[in-house]
Amino acid sequence: MAFDLGARLAERRAADLYRQRPLLQSPQGPEVVVDGQPLLAFCSNDYLGLANHPEVIAAWRAGAERWGVGGGASHLVIGHSTPHHQLEEALAELTGRPRALLFSTGYMANLGALTALVGQGDTVLQDRLNHASLLDGGLLSGARFSRYLHNDAASLQNRLDKAVGNTLVVTDGVFSMDGDLANLPALAAATQARDAWLMVDDAHGLGTLGRNGGGIVEHFGLGIEEVPVLIGTLGKACGTAGAFVAGSEELIESLVQFARPYIYTTSQPPALACATLKSLELLRREHWRREHLATLIRQFREGALALGLELMDSQTPIQPIVIGDSARAMHLSRLLRERGLLVTAIRPPTVPAGSARLRVTLSAAHSEAQVQLLLNALAECHPLLETADA
C-alpha cells in the first residue's frame, strides 16, 4: 500500500495548520527583507541583536582565515580545535560550572544528554510544555516516560513518588511558546527530596536572564547541586549557532563517552566558535542590551494590555498574543504583514489545540519607536478580526 502523502498534506491545509518557509533575503535584524518584501520583524530569537553584529562578523572572518571553514571530523577524531576548547571553557565560566561540552545544535544536545543519562529501568519526568527535542529525547532514551502538569511542583512530586531507577526531571528554563519561567526553586526542591536530578534547557534564558546573562539558573541564584544538568543554545541570544551541556567533570566525561549525537557528528566550524566567543564577550560586557530589552518588554506589555489583547504570563522577550483559532491567528498575521510587520502565527501541534497565537519576540536591536509601530498596527488590525467573524 502506497503512502498517501497528498491526503495528509491536504488535511493539514484544510485545518489551517500548513507550514510554509518564509525566504529571508537579508541579514537578521529588526528590518528584514522576506519574500522580496521589506518588513519590520518581531519573530526572531536574536534577543540581544548579536546575529549581525560587526564585531561578531569580524571574529568569524578572522577565525576562518586562521582555522579554515570546516571542522573536518568529529570531536573525538581530529575535529576538536582550539577555538572549540576555548569556547567550552568560556561557557563553563559563564554558567559557573566546572566544564561544558559543545554540541552542533540544541536538538542534539538534548537528545545526547537524555539518552546518555537514562535508559531502560530508569524514569524521565517532563513538563507538559517542554520543547519537542526534550520530549523526543525522553522517548528515545527507553526510560519510563511521564509528563507532569505545566510548572506544577505538586504534580511533579506525585510522579516522583512513583518513579523507579535513576530519575531525571526535565524542564525548559523559559518556555519557548509561552515565555514564562520555570519555577526552578520549587522543582529543584522536589527533585532533590527524591534524590533525582534536574535537567534544565535554558535555550531562551541564556543571555537574557541573570545579571551577567548566565540565564535562569543565575536569575534564581541556584547552583550545580540544584541543577546538575544545564543546557544552553547559542543560536538565540548569542546570535550564532550550536549548543552546550554544562555540569560536573563526571557529567561531561560521561557525555563524551556515551552521548551518540556528540560522538558521531562532525564538529561545528572552528570559525563559528570564534564568533561565539566574541558574542559571549559582548553578552557579558554590554549590560545595556538586557536593560534596553527589559524596557521594551514593559512598553509592549503595557501597550498591548491597554488594547485589550490577551497576553500570557511572560516577563521575557517572548510575548505571545493568544488568539485561539488557527485561522484567526493566520488572518491577524496577514493583516500585520500587509502593513509591513512580520509576526509569526504559531498553531497546533506546536502549541495545544485552541491556543493558536502570534508569537511576538523582542530584541535589544529594536527601538521603542519600532515597538510603538507594532502596537499601533495591532490597534488597527485586531478589531478587524471581530469584523471578519461577524
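Up top you'll find the structure we're talking about.
Residues numbered from 1 in each chain as written. Predicted model: local features only at pLDDT ≥ 70, side-chain atom pairs only at ≥ 80, totals over all residues. Heavy atoms only, no water.

Some remarks on the overall build of the protein
Next, step 1: Of the regular secondary structure elements, the protein holds 15 helices and 13 strands.
Next, step 2: Rg of the C-alpha trace for the protein: 21 Å, near the compact-globule value of 21 Å for 390 residues, within the 12% margin.
Next, step 3: Dimensions of the protein, computed from the C-alpha atoms along their principal axes, are close to 60 × 55 × 55 Å.
Next, step 4: Across the 390 residues that make up the protein, the buried fraction comes to 53%.
Next, step 5: Contacts in the protein between residues at least 24 apart in sequence constitute 69% of all its contacts with a sequence separation of at least 6.
Next, step 6: Total accessible area on the protein is roughly 17,200 Å²; 53% of this is exposed by carbon and sulfur atoms.
Next, step 7: Averaging the positions of the 32 positive and the 40 negative side-chain charges in the protein gives two centres separated by 4 Å. (Helix = DSSP H or I, 4+ residues; strand = E, 2+ residues; numbered from the N terminus. Rg over C-alpha atoms; globule rule 2.2 N^0.38 Å. Buried < 20%, exposed > 50% of the residue type's maximum accessible area, 1.4 Å probe, protein only. Contact = heavy atoms within 4.5 Å. Areas by Shrake-Rupley, 256 points an atom, 1.4 Å probe, with all protein chains shown as cover. Lys, Arg positive; Asp, Glu negative; His and termini not counted. Charge placed at Lys NZ, Arg CZ, Asp CG, Glu CD.)

Structural notes on the sheet that holds strand E11 (residues 341–342)
Next, step 1: Strand order in the open sheet formed by 3 strands is E1-E2-E11, and the pairing between neighbours is mixed. On the outer flanks of this sheet lie strand E1 (31–34) and E11, each paired with one strand and no other.
Next, step 2: Both E1 and strand E2 (residues 37–41) contribute to a ladder of 4 bridges, which runs antiparallel. What sits directly across from Val34, in E2, is Gln37. (Pairing = 2+ DSSP bridges.)

Let's talk about the nonpolar core
The tendency in soluble globular proteins is for nonpolar side chains to be buried as a group.
Next, step 1: Formed by 73 residues in total, the largest nonpolar core has its most connected members in Phe42, Leu184, Phe300, Ile321 and Leu362.
Next, step 2: Sorting elements by how many residues they give to this core places helix H15 (residues 368–389) first, with 7 residues.
Next, step 3: Not counting the four nearest positions on each side in its chain, Phe42 is found in contact with Leu341, Leu342, Val343, Arg359, Val360, Thr361, Leu362, His366, Gln370, Val371 and Leu374.
Next, step 4: Val124, Ala143, Ala243 and Ile263 belong to the second largest nonpolar core, which has 24 residues in total. (Core = buried A, V, L, I, M, F, W, Y, C linked by side-chain atoms within 4.5 Å.)

So, unusual backbone geometry
Next, step 1: Residues Pro348 and Pro349 are joined by a peptide bond in cis, for which omega reads 5°.
Next, step 2: Among the secondary structure elements, Pro349 is positioned in the loop between strand E12 (345–346) and strand E13 (356–361).
Next, step 3: Phi is positive for Asp35, close to 50°, though the residue is something other than glycine.
Next, step 4: Tracing the backbone through its elements, the reader meets Asp35 in the loop between E1 and E2.
Next, step 5: Positive phi outside glycine occurs at Asn151, with the angle close to 55°.
Next, step 6: Looking at the secondary structure, you find Asn151 in the loop between strand E5 (144–148) and helix H7 (153–160).
Next, step 7: Classification of Asn151 by relative accessible area gives partly exposed; the value is 22%.

Examining the state of the cysteines
What makes a disulfide is a covalent bond joining the sulfur atoms belonging to two cysteines.
Next, step 1: For the structure shown, the criterion picks out 0 disulfides.
Next, step 2: As a non-bridged cysteine, Cys238 has Cys274 as the owner of its nearest cysteine sulfur, 15 Å distant.
Next, step 3: Cys381 takes part in no disulfide bond, and the closest cysteine sulfur, belonging to Cys43, lies 15 Å away. (Disulfide = S-S within 2.5 Å.)

Here's the deal with the environment of Ala109
Next, step 1: Summarising the element assignment, Ala109 is placed in helix H5 (residues 106–117).
Next, step 2: Judged by its relative accessible area of 0%, Ala109 is buried.
Next, step 3: Apart from residues no more than four positions distant in its own chain, Ala109 is found in contact with Phe103, Ile231, Ala243 and Val245.

Quick word on the side chain of Asn110
Next, step 1: Counting through the fold element by element, Asn110 comes out in helix H5.
Next, step 2: Ignoring anything within four residues of it in the chain, the contact list for Asn110 reads Ser133, Leu134, Met199, Asp201 and Ile231.

Points about the packing of H7 against helix H8 (residues 184–193)
Next, step 1: Put simply, H7 and H8 touch, their axes get as near as 9 Å, and they point 15° apart. Viewed along their axes, H7 and H8 adopt a mutual orientation that is roughly parallel. Crossing geometry of H7 relative to H8 is assigned as right-handed. Across the interface between the two elements, Ala153, Leu156, Gln157 and Leu160 of H7 pack against Ala186, Leu187, Ala190 and Thr191 of H8.
Next, step 2: Tallied by class, residues from the contact of H7 with H8 come to 6 nonpolar, 2 polar and no charged. (Axes fitted to C-alpha atoms, helices over the stretch in contact; angles between N-to-C directions. Parallel < 35°, antiparallel > 145°, perpendicular 65-115°, else oblique. Left-handed = near helix turned anticlockwise from the far one by under 90°. Nonpolar A, V, L, I, M, F, W, Y, C, P; charged D, E, K, R; others polar.)

Details of the packing of H5 against helix H10 (residues 249–258)
Next, step 1: Relative orientation of the contacting elements H5 and H10 amounts to 95°, with a least axis distance of 9 Å. If you check the angle between H5 and H10, you find them roughly perpendicular. On H10, the residues touching Gly112, Ala113, Ala116 and Leu117 of H5 are Leu251, Leu255 and Phe258.
Next, step 2: In the contact of H5 with H10, the residues fall into 6 nonpolar, 1 polar and no charged.

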